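In case you want the letters, here they are:
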Amino acid sequence: MRVHTVQQLLAGPRAGMWVYMGGNDRSWYIECCAAAARTVMSAPRSMRTASPAWQELGHPTPTDAYAHMRAVLLEGLDLNRSFAGWTGCQAPDGKRICNEATHKAAALPKLLFYTPLCDTHRTRDTVESMWDGPGAWIGSQ
Ligand SMILES: [Zn+2]
Ligand SMILES: [Zn+2]
């Protein structure tokens with residue numbers, strides 16, 4: 001199992017900053033600022049502390065780190081998932097749900113959101129209004 005949550009960096013040039021991380025007892029990795037973390041780690045060990053990529057790694061508050069993870073996940077949104085058969089669109093439509101027949105879904109990475117939506121509602125705006133994640137979660141990946 002892996003835990004996904006916000007943690008404070010305890011060492012390094014950005015100690016005290018917050019990042020969204022995934023991991024378990026053995027290892028942790030940065031998920032929200034993953035590109036900056038990869039750049040830092042790709043430098044030779046003796047050069048890592050001086051890497052300018054540190055400036056793009058970490059956030060002043062846990063709220064900022066959650067918000068960055070949310071933005072990264074929404075960038076990975078897939079609005080064209082197909083599944084076998086038809087079902088009703090789950091998007092809110094006033095006080096009801098839309099229920100228009102569809103065989104497509106919107107999906108976020110790791111299926112943090114996977115919901116059948118019709119052609120009208122299969123948009124990033126709809127997903128953003130229906131999903132308030134990621135928060136902290138535990139899963140197999
Ligand atoms: Zn980040
Ligand atoms: Zn709909």
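Summary of the structure given here. (Residues numbered from 1 in each chain as written. Chains lettered and ligands numbered in written order. Predicted model: local features only at pLDDT ≥ 70, side-chain atom pairs only at ≥ 80, totals over all residues. Heavy atoms only, no water.)

Let us now look at the sheet that holds strand S1 (residues 2–8). Strand order in the open sheet formed by 4 strands is S3-S2-S1-S9, and the pairing between neighbours is antiparallel. In this open sheet, the two strands that pair with only one neighbour each are strand S3 (28–30) and strand S9 (137–139). Neighbour-to-neighbour, the strand axes of the sheet open up by a mean angle of 35°, direction not taken into account. In terms of strand pairing, S1 meets strand S2 (residues 18–23) through 6 bridges, oriented antiparallel. Residue pairing for S2: Gln8 is matched across the bridge by Trp18. Where helix H2 (residues 62–75) meets the sheet, its contacts fall on S1 and S2, and the angle it forms with S2 comes to roughly 60°. (Pairing = 2+ DSSP bridges. Helix = DSSP H or I, 4+ residues; strand = E, 2+ residues; numbered from the N terminus. Axes fitted to C-alpha atoms, helices over the stretch in contact; angles between N-to-C directions. Contact = heavy atoms within 4.5 Å.)

Here we take up the layout of surface pockets. If you add up the space inside the largest pocket, you get close to 270 Å³. Every element with two or more residues in the lining of the largest pocket is listed here: S3 and helix H1 (34–42). Considered class by class, the residues forming the lining of the largest pocket number 11 nonpolar, no polar and 1 charged. (1 Å grid on protein atoms, 1.4 Å probe; cavity = no way out; pocket = protein on both sides within 12 Å on 5 of 7 lines; lining within 4 Å. Points joined across faces, edges and corners; volume = space filled by probe spheres on them. Nonpolar A, V, L, I, M, F, W, Y, C, P; charged D, E, K, R; others polar.)

This part is about the nonpolar core. Val19, Ile30, Leu57, Leu108 and Val127 are the most contacted members of the largest nonpolar core, which totals 29 residues. Listed by contribution, the elements that provide at least two residues to this core are S2, H1 and H2. Among the elements that make up this core, the one with the highest residue count is H2 (4 residues). Residue-level mapping places this core at the junction of two domains, with at least three residues from each of domain 1 (2–74) and domain 2 (77–131). Once residues lying within four places of it in the same chain are set aside, the contact partners of Leu57 are Leu9, Arg14, Val19, Ile30, Cys33, Ala36, Ala37 and Val40. (Core = buried A, V, L, I, M, F, W, Y, C linked by side-chain atoms within 4.5 Å. Buried < 20%, exposed > 50% of the residue type's maximum accessible area, 1.4 Å probe, protein only. Domains from an automatic or database assignment.)

When we look at burial in H1, the residues that qualify are Ala34, Ala36, Ala37 and Val40. One side of H1 carries all its buried residues, which in axial view fall inside an arc of 160°. With respect to the buried face of H1, the exposed residues turned more than 90 degrees away are Ala35, Arg38 and Ser42. Residues of H1 that are buried in the fold lie against S3. (Arc of directions from axis to C-beta.)

Turning our attention to the sheet that holds strand S8 (residues 114–116). The antiparallel open sheet is built from 3 strands, whose spatial order is S4-S7-S8. Looking at which strands have only one partner, the edges of the open sheet turn out to be strand S4 (78–88) and S8. The sheet shows a mean angle of 30° between the axes of neighbouring strands, taken without regard to direction.

On to the coordination of the zinc ion (ligand 1), then. Around the zinc ion (ligand 1), the protein supplies Cys32 (SG), Cys33 (SG), His59 (NE2) and His68 (ND1) as donor atoms, at distances of 2.0 to 2.2 Å. With 4 donor atoms in place around the zinc ion (ligand 1) and angles of 101 to 116° between them, the coordination shape is tetrahedral. For the zinc ion (ligand 1), all donor residues lie on one chain, and their spacing in sequence is C-C-x25-H-x8-H. The exposure class of His59 is buried, given its relative accessible area of 13%. A residue is classified by how much of its surface remains accessible, and His68, at 27% relative accessible area, is partly exposed. (Donors = N, O, S within 2.8 Å, 3.2 Å for Na, K, Ca; no water. Tetrahedral: all angles 85-135°; square planar, octahedral: opposite > 155°, others 65-115°.)

This is a description of form; function is not addressed.
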